[in-house]
Amino acid sequence: MQGYLKEELQKVLKEKYNLSGVEFKVERPKRKEFGDLATNVAFILSKHLKRNPFEIAQELAEELKKNPSFESVEVAKPAFINVRFSKDYYYGVLKDILTKGFDYFRENLGLGRRVQVEYVSANPTGPLHLGHGRGAVVGDVISNLLEFYGWDVTREYYINDAGNQIRMLGISILYRYLELMLSLVYEGAYSSQSYLFAPPGEATKKDKLYARISELFREIGDEFEQNGYRGEYVKELAQKVYDLYREQILELPKEESINFLSEFGLKEMLEEIKRDLEDFGITFDVWFSEKSLYQTRYVEKTLNYLREKGLLYEKDGAVWFKTTEFGDDKDRVVIKKDGSYTYFASDIAYHYNKYLRGFHKVIDVWGADHHGYVPRVKAAIKAFGVPENWLDVELVQLVKLFRDGKEVKMSKRAGNFVTLRELLDEVGKDVIRFWFITKRSDTPLEFDIDKAKEESSENPVFYVQYAHARISGIFREVLNRKGFDAEVEFEFKPELLSSETELELIKHLATLRDELISIAQSREIHLLPNLAVELVKRFHYYYNHYRVMVDDEELMKARLALLKAIRTALRLIFHFIGISAPERM
RNA sequence: GGGCCCGUAGCUCAGCUGGAUAGAGCAAGGGAUUUCUAAUCCCUGGGUCGCAGGUUCGAAUCCUGCCGGGCCCA
């Protein structure tokens, strides 16, 4: 609808003033006296043409009036042009939605180009917390939108499996495992004959166990105290290790046992993360391992490339990357004094890898605590000669959880944060997904469990889903009582929908198409819940004021057609948000 | 100390590439049910858009300063 009017205006500008590429706004006025759409084009033109905007508006209006799709074209006060579309235009829209379904709303914005959305990418050293969950939803919804609008989307999770934190996970598991073993030895789990008796002059097996436990405690105790992961989940992992391997871990040399447990923990955590995300409706096309960048020498190659370009230098025993040449506020270390690579080094390599994989665009969804990181990664990209806007970073702020009006911070499992799983089990996927995108993602979100759960009847998620269930209910009843199946394609007379309410509803659907497109372009996904509520509000009003199942069969069919179109739009929005469309509630 | 984000109704938030009388949900008060699902609808009240300047035909929107909150870096 907006697109249509814009095109028509551009044609007029070209013919009448020989102007092209003029940027102006076409939008839905807040007050319906101002028509279906209004444009500020005359204001813009007055600057170009150096003429009175009101006169220009009048000239343009005269041209537009020739088009039968417009019922009226008026010029208002300063110089707005208010356009009203004809009924036939709207009836055409309704027919279009019924025949094309989702495709009515589609527009090929991506032109099949490849885009990568990287999101979550949480360290696999603990369960996902709420912040990760928000990032997960944001990334997923963006992906859904881009996919629908013609992009070839790759959803990717970057696994930080190379750094010291994985070793620390191993140490933490080992520490908890030692605690577990110690208590078992004390409690007598190792008190059978074979453990208690030994040939004369030799220590018993039990004593040996005890000595080994003490030895390992001494060796890793400090490290655990300083940097260990303390969440309950580490104890669970240790228990799992014990269930599988009993005391065998003690028989390994220290480093070997740490490596073994690191790998074990990594694998377990990743599986858990995968499960949590799947229950959240989120799956990835690619799980990209940081470690693989080292194994394939990608980091090395990338740094060599930079070195050849003269962008690396040594200072204080470390290797630095001249990111300041590309807009960063200071240079960054890529190889530390001790010869190890920084995270930044592998991040550069990762993004170089993304570029070489041929993505036309890359969107990184990051926690907002990484915002200081954006300039240096962008700098790296520029150093590769890649256009800066090739990468977009969506920053996602924290989620604060409230219960009984108080902030909930602690979780037994994670130690610090409430886990996504805990919230998922308590309030369910749909509610979380909906609420997590109701606010712009770069500002902190407050999530009130009581509102999300206990007052579910007043919850916008249910409000919106209820509309879908109601429509489905009507279709069921129409089939039951009248034997008419509205699910299959049927003929109808749109002109029977002649009331103001009905026409407004169709208009709204036409507008919705424009708004969804604009959301996909700007990625302002926080507007999606609003959009759903707006549409549903109109539907509920309609439901309460008009009966669909009426004796006049033609009228009934026309109204069913309208409901079907509404349901199509609703399902599409639900699909974007990733919530279910219930048949009954 | 430097940087980023935020401040709009009692609460949670839209609106911010300048545009017509600043919106929604919740909460508060009143009303609608022989119905295709009342998890609904209708009505009412509620605002110095943090404060002060500036830019211009016009500012919640752009600029500057200040106040308050969050985060990152040193």
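The following refers to the structure shown. (Residues numbered from 1 in each chain as written. Chains lettered and ligands numbered in written order. Predicted model: local features only at pLDDT ≥ 70, side-chain atom pairs only at ≥ 80, totals over all residues. Heavy atoms only, no water.)

A look at helix 17 (residues 429-436)
Taken across its eight residues, helix 17 has seven buried, putting it largely inside the fold. For helix 17, the complete set of buried residues consists of D430, V431, I432, R433, F434, W435 and F436. (Buried < 20%, exposed > 50% of the residue type's maximum accessible area, 1.4 Å probe, protein only. Helix = DSSP H or I, 4+ residues; strand = E, 2+ residues; numbered from the N terminus.)

Observations regarding the side chain of D347
Within the secondary structure, D347 is located in helix 14 (residues 343-356). The charged side chain of D347 is buried without a salt bridge, its nearest counter-charge being R376 at 8.0 Å. A distance of 3.3 Å separates a polar atom in the side chain of D347 from a polar atom in the side chain of Y373. Contacts of D347, omitting those with residues within four sequence positions, involve Y158 and Y373. (Lys, Arg positive; Asp, Glu negative; His and termini not counted. Salt bridge = Lys/Arg side-chain N within 4 Å of Asp/Glu carboxyl O. Polar contact = N/O pair within 3.5 Å; in protein donor to acceptor, adjacent residues only side chain to side chain. Contact = heavy atoms within 4.5 Å.)

Here we look at the pattern of salt bridges
Within this structure, the stated rule accounts for 43 salt bridges. For K557, the salt bridge goes to E554, with nearest N and O atoms at 4.0 Å. Highlighted residues: K557 and E554, both in helix 22 (residues 553-577), separated by three residues, approximately one helical turn. By sharing partners, the salt bridges in this structure join D140, E147, R155 and R433 into a single network.

Some words on the sheet that holds strand 1 (residues 26-27)
The strand order 1-2-4-3 describes an open sheet built from four strands, whose pairing is antiparallel. Whereas interior strands pair on both sides, the edge strands pair on one side only; in this sheet they are strand 1 and strand 3 (70-76). Where strand 2 (residues 37-39) meets strand 4 (residues 80-85), three bridges bridge the pair, whose relative direction is antiparallel. Looking at the pairing, L37 lines up with V83 of strand 4. Against the sheet, helix 3 (residues 53-64) contacts strand 3 and strand 4, and its axis sits at roughly 175° relative to strand 3. (Pairing = 2+ DSSP bridges. Axes fitted to C-alpha atoms, helices over the stretch in contact; angles between N-to-C directions.)

Digging into the layout of surface pockets
One number sums up the size of the largest pocket: a volume of about 1100 Å³. Those elements giving two or more residues to the lining of the largest pocket turn out to be helix 5 (130-148), helix 14 and strand 11 (361-367). In terms of residue class, the lining of the largest pocket is built from 17 nonpolar, 17 polar and five charged. (1 Å grid on protein atoms, 1.4 Å probe; cavity = no way out; pocket = protein on both sides within 12 Å on 5 of 7 lines; lining within 4 Å. Points joined across faces, edges and corners; volume = space filled by probe spheres on them. Nonpolar A, V, L, I, M, F, W, Y, C, P; charged D, E, K, R; others polar.)

Some thoughts on the packing of aromatic side chains
In the structure shown here, the tally under the stated rule is 40 aromatic pairs. On the basis of an interplanar angle of 90° and a centroid distance of 5.5 Å, the ring pair of Y157 and F284 is categorised as edge-to-face. Here Y157, found in strand 6 (residues 152-159), pairs with F284, found in the loop between helix 11 (254-279) and strand 7 (286-289); they are 127 residues apart in sequence, far enough to count as distant. With respect to burial, Y157 and F284 carry one shared label: buried. Consider the rings of Y158 and Y350, whose centres lie 4.0 Å apart with planes at 10°: the pair is stacked. With Y158 in strand 6 and Y350 in helix 14, the pair connects residues that are 192 residues apart, well separated along the chain. Under the relative-accessibility criterion, Y350 is labelled buried at 1%. The structure contains a cluster of three or more aromatic residues connected by ring pairs, namely Y4, F70, F85, Y89 and Y90. When the ring centre of Y104 is taken as origin, the NZ or CZ atom of R513, which lies over that ring, is 5.7 Å away. (Phe/Tyr/Trp six-rings, centres within 6.5 Å; stacked < 30°, edge-to-face > 60°. Lys NZ or Arg CZ within 6 Å of the ring centre and 35° of its normal.)

Quick word on the packing of helix 19 (residues 460-482) against helix 22
Remark: helix 19 packs on helix 22, axes separated minimally by 10 Å, with the N-to-C direction vectors making an angle of 145°. The crossing of helix 19 and helix 22 is left-handed. On helix 22, the residues that touch V464, Q465, A467, H468, I471, S472, I474, F475, V478 and K482 of helix 19 are M556, L560, L563, K564, I566, R567, L570, R571 and F574. Residues of the contact of helix 19 with helix 22, tallied by class, amount to 12 nonpolar, three polar and four charged. (Left-handed = near helix turned anticlockwise from the far one by under 90°.)

Quick word on the environment of G35
For G35, the location among the structural elements is in the loop between strand 1 and strand 2. Residues G35 and V299 lie 264 residues apart in sequence; the distance between their C-alpha atoms is 59 Å.

Regarding unusual backbone geometry
Of note in the backbone geometry, S121 takes a positive phi value of approximately 45° without being a glycine. With respect to the helices, strands and loops of the structure, S121 is situated in the loop between strand 5 (114-118) and helix 5. The class of S121 is buried, set by a relative accessible area of 14%. In the Ramachandran plot, D316 falls in the positive-phi region, its phi being about 55° despite a non-glycine side chain.

Structural notes on the nonpolar core
Residues F447, L516, L528 and L560 are the most contacted members of the largest nonpolar core, which totals 132 residues. Looking at which element gives the most residues to this core, the answer is helix 22, with 16 residues. Among the nonpolar cores identified, the runner-up in size contains 35 residues, and V299, A345, A349 and V393 belong to it. (Core = buried A, V, L, I, M, F, W, Y, C linked by side-chain atoms within 4.5 Å.)

Overview of the packing of helix 19 against helix 21 (residues 527-545)
Between helix 19 and helix 21, the shortest axis-to-axis distance is 10 Å and the interhelical angle comes to 45°. On the basis of the axis angle, helix 19 is oblique to helix 21. The handedness of the crossing between helix 19 and helix 21 is left-handed. Across from P460, Y463, V464, Y466, A467, R470, I471 and I474 in helix 19, the residues of helix 21 making contact are A532, V533, V536, K537, F539, H540, Y543 and N544. A per-class count over the contact of helix 19 with helix 21 returns 12 nonpolar, two polar and two charged. (Parallel < 35°, antiparallel > 145°, perpendicular 65-115°, else oblique.)

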